[in-house]
Amino acid sequence: MPRGSSDARLLIQSLSNAYAATPTNLKIIDLYVVFAVATALVQVAYMGLVGSFPFNSFLSGVLSCIGTAVLAVCLRIQVNKDNKEFKDLPPERAFADFILCNLVLHLVIMNFLG
Amino acid sequence: MASMATTALDSLPAPLRSLRLKTKQQELLLRVSALALIYVLAFAVRLFSVLRYESMIHEFDPYFNYRTTLFLSEHGFGDFWNWFDSESWYPLGRVVGGTLFPGLMVTAALLHRLLRALSLAVHIREVCVLTAPFFAANTTLVAYAFGREIWDSGAGLVAAALIAIVPGYISRSVAGSYDNEGVAIFALLLTFYLFVRAVNTGSLAWALASAFGYFYMVSAWGGYVFIINLVPLYVLVLLVTGRYSQRLYVAYNCMYVLGMLLAMQIRFVGFQHVQSGEHMAAMGVFFLLQVFFFLDWVKYLLNDARLFKSFLRITLTCVITVGTLALGIGTASGYISPWTGRFYSLLDPTYAKDHIPIIASVSEHQPTAWSSFMFDFHILLFLFPAGLYFCFKRLSDAMIFVVMYGLTSMYFAGVMVRLILVAAPAVCLISAIAASATIKNLTTLIRSPQTTSGKTTGSKAAARGAIDQSLPFQHNAAIALLLGAFYLLSRYAIHCTWVTSEAYSSPSIVLAARGHNGGRVIFDDYREAYYWLRQNTPPDAKIMSWWDYGYQITAMGNRTVIVDNNTWNNTHIATVGRAMSSYEDEAYEIMQSLDVNYVLVVFGGVTGYSSDDINKFLWMVRIGGGVFPVIKEPDYLVNGEYRIDKGAAPKMLNCLMYKLCYYRFGELTTEYGKPPGYVTSLTLLLAILMLLDKYDRVRGVEIGNKDIKLEYLEEAFTTSNWIVRIYKVKPPKNRS
């Protein structure tokens, strides 16, 4: 399928071109999100290998990664300068909210690890 | 009003004039004082039951909650969490700490501790009695904030006032009805308010707050399933209608992930959020939202319609395949449990009747009658559609939420009587919008200058006059309508007060009836019987009764029961049902195997108390027959009719329940047949009138088996009005 592969190549190319224009701080957040999601995937794969016996431990591991990723995406949305929806929200406030949510998340995770 | 106040104040001397407030401040003062009055009203209207009877715990489930709260405040949280209760479900026992929603008990225990710290020496019982009114009062504040968020502060005030006295809510939150719903409705409304607030602001902090609200709700009541399904449904509707926003993304994801994690800390809920089918909708929407966000982001990056379309095709096929596969594998392998019966019976009202008698047997699980809608909502039933009209006129994200909450909860309220409670806040909010908007429109009409007097001043007035000329009596009509609205609202207030005092303030553990001369007769038989058990039976005695009375016997009688209101083990309940519906000798074997020492039955034939065991008996047969096919319902019926008189089925006339209820009932006539001078109390007089010839006052028939002999049991105690009868199981005979 030459047309399909060229389409895909074009797609990836234009995506990477567009992404290169993203500000650095957003790129850092993206990296963080990708790392968290990758960790979650590794844990799921590990669970597939050895079984899910301490189910709460598995859940807290995966949920801590997913939670971190989701919260980071929320932070990314809020500090994005191009985003018109959150013009009134100062980035400091967004970051403080992010820290607070992470704090709660990980305290609960610690309680749940077992 | 403000202008009148200022003119009045202008005539005052100078020092007083400095007290004059600006219009805005006046408005604030009025609003705060109105809210404070509503707060007090919501609390005070729920105290009827305390004034009429006494400060006591009502009904059935609250006794269990009271008992656990007592345990919690005496032994501390650690012991409570690990509490194994051997006094119920003999011989199985019950892991109480892991099978209850601890929110209510913890709340009451904390309140108690707080009051003690303030050196107010109150008993834990008073705290338990007043917990529900206190939280109902707090609910009015949340309703005010909610109303202000979705419409304006006027609608908020009206919503607070309506919810303070709405009978549908009062029915479950009067003083003494110490049940999960009392705090749960507060938590429910708070969660919804915080979530709407989070969607409106897109702030992580509000989403976190709503996750905590959700946590409190999960800890308090099983009805949290409503939240975890309504919120994803709402998100889905917003997605479908093209109202997706990044604020929604922030609010839902943060609330879902944190709320789910927090909810898992409640042991009774545990892993259900990832394992049970009822919670899968939320997870599905969570993943859907991620996909949606990702696509949105790629679209924003690409800026090219054709490329995006091909990208969309690839991702969508992948995601749908993976999602269906995961769900299919999860369900097939039994990892995701199927929906529970209670959930099915919500979606299909006839489900419970056909499949699960134990759910269908509870009267509050029956479909709602129109009259109870009217009884519980009164004028709100008419204001609700009007409010929906206003909502649709000013549609916003928050409005859609309220509309969806209103419509879904109305549906559920129609399916199950007890869910009117969940619908009540939504109905109040939407009705408040209608009332507030109507009254506001009418008052602006009245306060605008009279157009009929002539079109003289200014172009604005002339323009308005031109519009208004089509309605010549507008001013008068507005006044008339306003008066009508106030009439309706005052009728509402009167109705609510009447309903509260007449219908919903009865503790149902102490019964009140009207005597023939209008005086009140109090039947305190339940407590009489439970205290008798407490004082006169050995501490390790096991009491068998139908499950309704289990909680009360353990809490007040302090004795071990076989089954109780926590209907977790159907087989065990069916065993008791089988014993009750067998012949005495068969029942004796069952009772011996269960180690039963006493049997307790509730009998209303003397007083006319209709929810007694004879009326519940068919359910015992059905539940017993559901597990033990030996018991067949047709054996107890005559041509499909339930009878207890001479024409009753022979098995009915000789089963244990019938014998225990009507034992020595025949003698009652001769006892009461003495000359009238012998009669002292009004009850006895009534009894004479009705009891001639062994007349059962509930069923209105003469009983069929008057000559009852008991072989394996003996009568131990019968309360003064015969409502509760206790029998002792004789020890096995010596071998001869």
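No experiment lies behind these values; they were computed from the predicted model shown.

### Description of the overall build of chain B
- Helix and strand counts for chain B stand at 34 helices and 11 strands.
- The buried share of chain B, taken over its 736 residues, is 42%.
- Within chain B, contacts between residues at least 6 apart in sequence are counted, and of these 71% link residues at least 24 apart.

### What to know about the overall build of chain A
- Along its length, chain A carries four helices and zero strands.
- In chain A, the order of α-helices and β-strands from amino to carboxyl end is α-α-α-α.
- Rg of the C-alpha trace for chain A: 18 Å, well past the compact-globule value of 13 Å for 114 residues, more than 25% over.
- Burial status across chain A gives 25% buried among its 114 residues.
- In chain A, the proportion of contacts linking residues at least 24 apart, taken out of those at least 6 apart, comes to 67%.

### Notes on the interface of chain B and chain A
- Between chain B and chain A, the contact holds 26 residues from the first and 28 residues from the second.
- Every element with two or more residues in the side of chain B that touches chain A is listed here: α11 (204-220), α13 (246-263), α15 (280-302) and α16 (305-332) of chain B.
- Among the elements that make up the side of chain B that touches chain A, the one with the highest residue count is α13 of chain B (10 residues).
- Considered class by class, the residues forming the side of chain B that touches chain A number 17 nonpolar, seven polar and two charged.

### Some points on the pairing of strand β10 (residues 713-718) of chain B
All names here are of chain B.
- Taken together, the five bridges between β10 and strand β11 (residues 724-729) define a ladder with antiparallel strand orientation. Among the inter-strand pairings, T718 is bridged to a residue of β11, identified as R725.
- Joining the antiparallel neighbours β10 and β11 is a turn of five residues, in which W722 adopts a positive phi near 65 degrees.

### Concerning the nonpolar core
- Counting 225 residues, the largest nonpolar core has A159, M217, C254, M255 and C428 of chain B as the members making the most contacts within it.
- Aside from chain neighbours lying at most four places away, what touches C428 of chain B is A143, A159, L162, I163, V166 and L380 of chain B.

### Examining the UniProt feature "transmembrane region" (unreviewed entry) in chain A
Residue and element names in this part refer to chain A.
- This chain's UniProt record puts "transmembrane region" (unreviewed entry) on residues 31-49, 55-75 and 95-113.
- For residues 31-49, the end-to-end C-alpha separation is 27 Å, with 100% helix and 0% strand making up the annotated structure.
- Between the end C-alpha atoms of residues 95-113 there is a gap of 26 Å, over a span that is 100% helix and 0% strand.

### Topic: the packing of helix α5 (residues 61-81) of chain B against helix α27 (residues 550-557) of chain B
Residues and elements named next belong to chain B.
- Closest axis-to-axis distance for the α5/α27 pair is 8 Å, and the angle between their directions is 40 degrees. In terms of orientation, α5 lies oblique with respect to α27. α27 is crossed by α5, and the crossing has left-handed handedness. Seen from α5, the contacting residues are D61, Y63, F64, Y66 and R67; seen from α27, they are Y551, Q552, T554, A555 and M556.
- Class assignment of the residues belonging to the contact of α5 with α27 gives a composition of six nonpolar, two polar and two charged.

### Digging into the packing of helix α3 (residues 55-79) of chain A against α13 of chain B
- Taken N-terminus to C-terminus, the directions of α3 of chain A and α13 of chain B make an angle of 155 degrees; their axes are 10 Å apart at the nearest point. Relative to α13 of chain B, the element α3 of chain A lies roughly antiparallel. Crossing handedness for the pair α3 of chain A and α13 of chain B: left-handed. Across the interface between the two elements, L63, I66, G67, V70, L71, C74 and I77 of chain A of α3 of chain A pack against Q246, Y249, V250, N253, C254, V257, L258 and L261 of chain B of α13 of chain B.
- Class assignment of the residues belonging to the contact of α3 of chain A with α13 of chain B gives a composition of 12 nonpolar, three polar and no charged.

### With respect to the pairing of strand β7 (residues 598-602) of chain B
All names here are of chain B.
- Burial analysis of β7 places five of its five residues in the buried class, the great majority of the element.
- Burial along β7 is two-sided: the residues Y598, L600 and V602 and V599 and V601 are all buried.
- When β7 meets β11, the two strands line up antiparallel, connected through five bridges. Residue pairing for β11: V601 is matched across the bridge by R725.

### Digging into unusual backbone geometry
Residues and elements named next belong to chain B.
- The omega torsion across Y90 and P91 is 0 degrees, close enough to zero to call that bond cis.
- The topology assignment puts P91 in the loop between β1 (84-85) and β2 (94-95).
- With a phi angle near 50 degrees, E59 is a residue other than glycine that sits in the positive phi range.
- Residue position: E59 is located in the loop between α4 (48-52) and α5.
- Judged by C-beta crowding, with 18 C-beta atoms within 10 Å, E59 ranks as partly exposed.
- Despite not being glycine, N558 has its phi angle at roughly 55 degrees, a positive value.
- With respect to the element layout, N558 can be found in the loop between α27 and β6 (560-561).

Quick notes on the rules
- Residues numbered from 1 in each chain as written.
- Chains lettered and ligands numbered in written order.
- Predicted model: local features only at pLDDT ≥ 70, side-chain atom pairs only at ≥ 80, totals over all residues.
- Helix = DSSP H or I, 4+ residues; strand = E, 2+ residues; numbered from the N terminus.
- Buried ≥ 20, exposed ≤ 12 C-beta atoms within 10 Å, placed from the backbone.
- Contact = placed C-beta atoms within 7 Å.
- Rg over C-alpha atoms; globule rule 2.2 N^0.38 Å.
- Nonpolar A, V, L, I, M, F, W, Y, C, P; charged D, E, K, R; others polar.
- Pairing = 2+ DSSP bridges.
- Core = buried A, V, L, I, M, F, W, Y, C linked by C-beta atoms within 7 Å.
- UniProt positions renumbered as here; feature names shortened; annotations may be inferred.
- Axes fitted to C-alpha atoms, helices over the stretch in contact; angles between N-to-C directions.
- Parallel < 35°, antiparallel > 145°, perpendicular 65-115°, else oblique.
- Left-handed = near helix turned anticlockwise from the far one by under 90°.

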